[in-house]
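# Observations on chain architecture
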Amino acid sequence: MIKFNYLLNQDNFELQASDWCGLEKVILNGKVVSKKFNFGILSCHDILLNDGHKYQCKLLVDPQTDLLTCRIYNQQNLVTVLKQGKNQLQKSQRLIEAGLVCILFLLLTVYMVF
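Here the residue numbering is sequential within each chain, running from 1 through the sequence in written order. Local features in this predicted model are restricted to residues of pLDDT 70 or higher, and side-chain atom pairs are both shown and tallied only at a pLDDT of 80 or more, whereas totals for entire chains, interfaces and linings draw on every residue. Only hydrogens and water are set aside; all other atoms, that is, all heavy atoms of the structure, feed into the side-chain values.

Let's shift gears to the overall build of the protein chain. Numbering of helices and strands starts at the N terminus; helices are DSSP runs of H or I of at least 4 residues and strands are runs of E of at least 2. Secondary structure summary: the protein chain contains 1 helix and 8 strands in total. Overall, the protein chain shows an N-to-C arrangement of helices and strands of β-β-β-β-β-β-β-β-α. The globule rule used here is 2.2 Å times the number of residues to the 0.38 power, and the radius of gyration it is set against is calculated over C-alpha atoms. Here the protein chain has a C-alpha radius of gyration of 18 Å; the compact-globule value for 114 residues is 13 Å, and the former is much larger. Principal-axis analysis of the C-alpha atoms places the extent of the protein chain at approximately 60 × 30 × 20 Å. Only protein chains enter the area calculation, which uses a 1.4 Å probe; residues under 20% of their type maximum are buried, those over 50% are exposed, and those in between are partly exposed. Every one of the 114 residues in the protein chain was classed for burial, and the buried ones make up 35%. Across the protein chain, every contact between residues at least 6 apart in sequence was considered, and the portion connecting residues at least 24 apart equals 24%. For the protein chain, the accessible surface area stands at approximately 7600 Å², while carbon and sulfur atoms represent 58% of it. Treating the 12 positive side-chain charges of the protein chain as one cloud and the 9 negative ones as another, the clouds have centres 2 Å apart. Two residues qualify as a contact provided that any one of their heavy atoms is within 4.5 Å of a heavy atom in the partner residue. Accessible surface area values rest on a Shrake-Rupley calculation with a 1.4 Å probe, where residue burial reflects the displayed protein chains alone. None of His or the chain ends enter the tally, which takes Lys and Arg as positive and Asp and Glu as negative. For charged residues, the charge sits on one atom: NZ in Lys, CZ in Arg, CG in Asp, CD in Glu.

Turning next to the pairing of strand S2 (residues 11–17). Across the 7 residues that make up S2, a large majority, 6, are buried. By this definition, two strands are paired if DSSP reports at least two bridges between them. When strand S1 (residues 2–8) meets S2, the two strands line up antiparallel, connected through 7 bridges. Bridging across to S2, Leu-8 finds its partner in Asp-11. Linking S1 to S2, which pair antiparallel, is a turn of 2 residues; within it Asn-9 sits at a positive phi near 45 degrees. As paired elements, S2 and strand S3 (residues 23–28) share 5 bridges and run antiparallel to each other. Pairing of Leu-15 across the sheet is with Val-26, part of S3.

Here's what the structure looks like:
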């Protein structure tokens, strides 16, 4: 699980990206305000703070630095950039893919035998 934490105008912001199932969650003050599944290199979450301000959170894999980057925007103005290495996320995704291939191969084998 990759986590980004940031304090936005007295609101505690957290973005979680699961390296196992691709689930991304944006948590604001302990409450999930956005979630979706993503296996791509870019995703966006729109967030509405308690004070009415709209923010956008973009999660992307930067091809130049190989870092997982979380960019937070307020009305298209960049507020902050948070970065973490993507190696752990890639290793877990490869493990999931290998597991799925093994399961499909096993199902195919069972189907061919019966």
